[in-house]
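A look at the structure
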Amino acid sequence: GFFDGVDIFFEENFQIRDPAVLVDHIDCENKVCSSLGNVTARVVATASSLLQGSTLRLFAEFSFNNTTIISSWFAVQNDTQIITNSFLLPNIELWWPLGLIDCCMQIGKRHQVQLWLEDQRGEKYAKTTFKFGARIFETYIEQDIGRAFKVNYRRIFLIGGNWITPDATFARALKNRYRAEIALHVGAGFNALRVWGGGVAEKDEFYEICDEYGVLVYQELSGTGDNNGRWAGSYDWPLDQAAYKVSVFDTMLRLRKFASLLFIGGGNELYPSSKSPNSLARAAITQALNQSERDYIFVPSSMDGGINGGNNSEHVNSYALTPKDGPYTMLMPYHFAQRNPGLNNENLSIAFQPEIGSASAPPDLDTLSCFLSTENEPPPFHDLNISDPDWQLHRYLSFSTQIKGNILYNHAYAYADDNLKHISLSDWLAYTKLAQHQQYQLLISSFFSRLFHFYTAVFIWKTQSPWPALRGFLYDFYKLRVNGGWRGIQAAAFALRSVYISNLISLDRCTLVNRANDPWTNISLRYDWFSIVSPNFSSFGNILTNHISVPPTSVLDLPLTIQQPLACLPPCLLRLTTSQGASASWYWRSLTTTNGGFDFSAFGLIRRTRRAIATFSFMNNTAEQFFFEISVPSTSPESLFYPEIVLENQSCHAPYYAVIPHYDDILLIQPGSVVTLSLALLSLSHNEEDDDEEYPPLHFTLEAWNLNIIQSKVAATTTS
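One structure accompanies this document, and this report is about it. (Residues numbered from 1 in each chain as written. Predicted model: local features only at pLDDT ≥ 70, side-chain atom pairs only at ≥ 80, totals over all residues. Heavy atoms only, no water.)

1. Brief notes about the pattern of salt bridges
This structure, assessed with the given rule, holds 19 salt bridges. Its salt-bridge partner being Arg194, residue Glu220 comes within 3.0 Å of it at the nearest N-O pair. Here Glu220, found in strand β15 (residues 216–220), pairs with Arg194, found in strand β14 (residues 192–195); they are 26 residues apart in sequence, far enough to count as distant. (Salt bridge = Lys/Arg side-chain N within 4 Å of Asp/Glu carboxyl O. Helix = DSSP H or I, 4+ residues; strand = E, 2+ residues; numbered from the N terminus.)

2. Some details on helix α3 (residues 204–213)
Among all positions in α3, only Phe206, Tyr207, Ile209, Cys210, Asp211 and Tyr213 are buried. The elements touched by buried residues of α3 are β13 (158–163), α2 (175–188), β14, β15, α4 (241–255) and β39 (673–683). Downstream of α3 by a residue or two, Gly214 has a phi angle that is positive, lying close to 75°. (Buried < 20%, exposed > 50% of the residue type's maximum accessible area, 1.4 Å probe, protein only. Contact = heavy atoms within 4.5 Å.)

3. Quick look at the sheet that holds strand β11 (residues 146–151)
Strand order in the open sheet formed by three strands is β10-β11-β12, with antiparallel pairing between adjacent strands. Strand pairing shows two members of the sheet lacking a second neighbour, β10 (137–142) and β12 (154–156), which therefore form its edges. Each neighbouring strand pair of the sheet contributes to a mean axis angle of 45°, computed without reference to strand direction. With three bridges connecting them, β11 and β12 associate as antiparallel partners. (Pairing = 2+ DSSP bridges. Axes fitted to C-alpha atoms, helices over the stretch in contact; angles between N-to-C directions.)

4. Some points on the pairing of strand β26 (residues 520–531)
The buried fraction of β26 is high, at nine of 12 residues. In this structure, β26 lies alongside strand β27 (residues 539–550), joined through six bridges in antiparallel fashion. Looking at β27, one finds that Arg526 is bridged to Ile543. By the bridge criterion, seven bridges tie β26 to strand β29 (residues 572–578) in an arrangement that is antiparallel. Note on β29: the bridge partner recorded for Ser531 is Cys572.

So this is what it looks like as structure tokens:
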């Protein structure tokens, strides 16, 4: 079978395995907290020490307050589970995840603890050190709509990605790769990851980095309705129940120490509860839950709702998160104004959406060439049933929506201005970038706008995958370059406070969303229109409302009276801004339609002519961020649209860095403007002991939708 590596070590008489600090209760007064909990570990003895017979005590020393906890004496057997009496840790800083905010919260705060064993002669064994986070998780049913979660007694809205694994054989499952991929999720605005039941439990480094970044983990056990009886395979699977039992037990013990592990799922889309998990598997899970000592939150399945899902009467909150997941197709703008976008059933109660998403493509030819020949023709306009074997191999998913009958709206080709027979592969990839951006921005906005009214969580389908399949992913598998879907999610999700258009077609409502745990007060809201091709067009500073407030983890719907000006020559962009603590929200739309959707061909025209002028320079860097300046001179005939900074000379199979850009609200730069754009670089060195190995000089390129990139390359010299 596959294994990750071999370690050689000298075996002591006793070993400490799977240690954990388990917090049972937290009490805070005047923002000073204490926690009640205990320490647990497995003590494993060698054969010789067992023959001698030994009595030991477990010691735990906490570095943050120099407290030492000592267990009772215990007789060592082959594998002894030890748990101390409950103890109080005063004045402890709590572990908090992303997605909450407060003046005294520290994201990912952990404390060091050292464990060792002592015998009756005072001899010490098996010293081990690890970190833990003090936090409490709770689950409940939110106002009868569905499952929700609290962290340290505060409710939190989860925005997550479905994580498969970096590599089926663990070849890429290195600490730097884990860090880069988790950082890409954090940079987009995610606060949770679902380790999917068709995959594996990851190595410890994955969970350690989630602890550090404050990313909550929904960990599923091995099992999925695709193979375990619901739609294929057999309810009797897994066939090797003994191996499954050992795997479940080891997984729950190994992962119990990680602060980020929010809850355990029994599997993906299991159904029905009477058969899946089967009786032997359920018994193994129950035994592991009882023996783990940690009070795990456990939900058997991600989706029930009948064989095909979608039936409220077949949904049981205690068994599954939702009666229906999906869809997995491109949606029209009007879908996002509906409850349960794209499912055409507004009566379904889907509070926790475990997977929803659509088509995906790499950002450019350079990244596509890592797995597909750039000599290929782009997918055709009618792409619902594509026949090209190369595109089929990589699981191409259509960028089209079938409106009625034979009417097809292709979200990528909506940006084309030329005869469809002459579209280049490079242009098609550019079109998919904007199509993905708008899809995911509107999707996330739709869920946030109904925060704790309809929804408590949304997880995006296949954000991370061990194979460059053309569906779901938000960044290129080889070079980890972000695509338009990633940017769309960052545009909607990075700020905890933001304003969203509820219906891009009618422009009759907007929603102020406050996901934070303190009020959002004294808000003024305004909107502006921008024309890319007519920078002197002026429709700025239109005040919608003043002096309004939004309570914690709440939304406020507001009626709008916005009309797109006829004088705003296409492409035309709308920007919403607030006066207090939120990023701008940008949208693009059109006054004309084609095949039932917006006609964005004006974007194709400005991409073909490329008239915008800009200069690009490296400013400086810190240990974590690189800063660049983009200047659009007043002589530029067009505003610069969709700027991106690309790190050059990254090979497909051994890239040096992962780039996490922070585009924030920099979507359009007008003539006469200068903006600063930042990005983080994370090493992808395979030598995890030495991240200082020599890399080639850093060269960056400024790319933009309507910019000729001849003059836009710079070299960066690091200062730290």
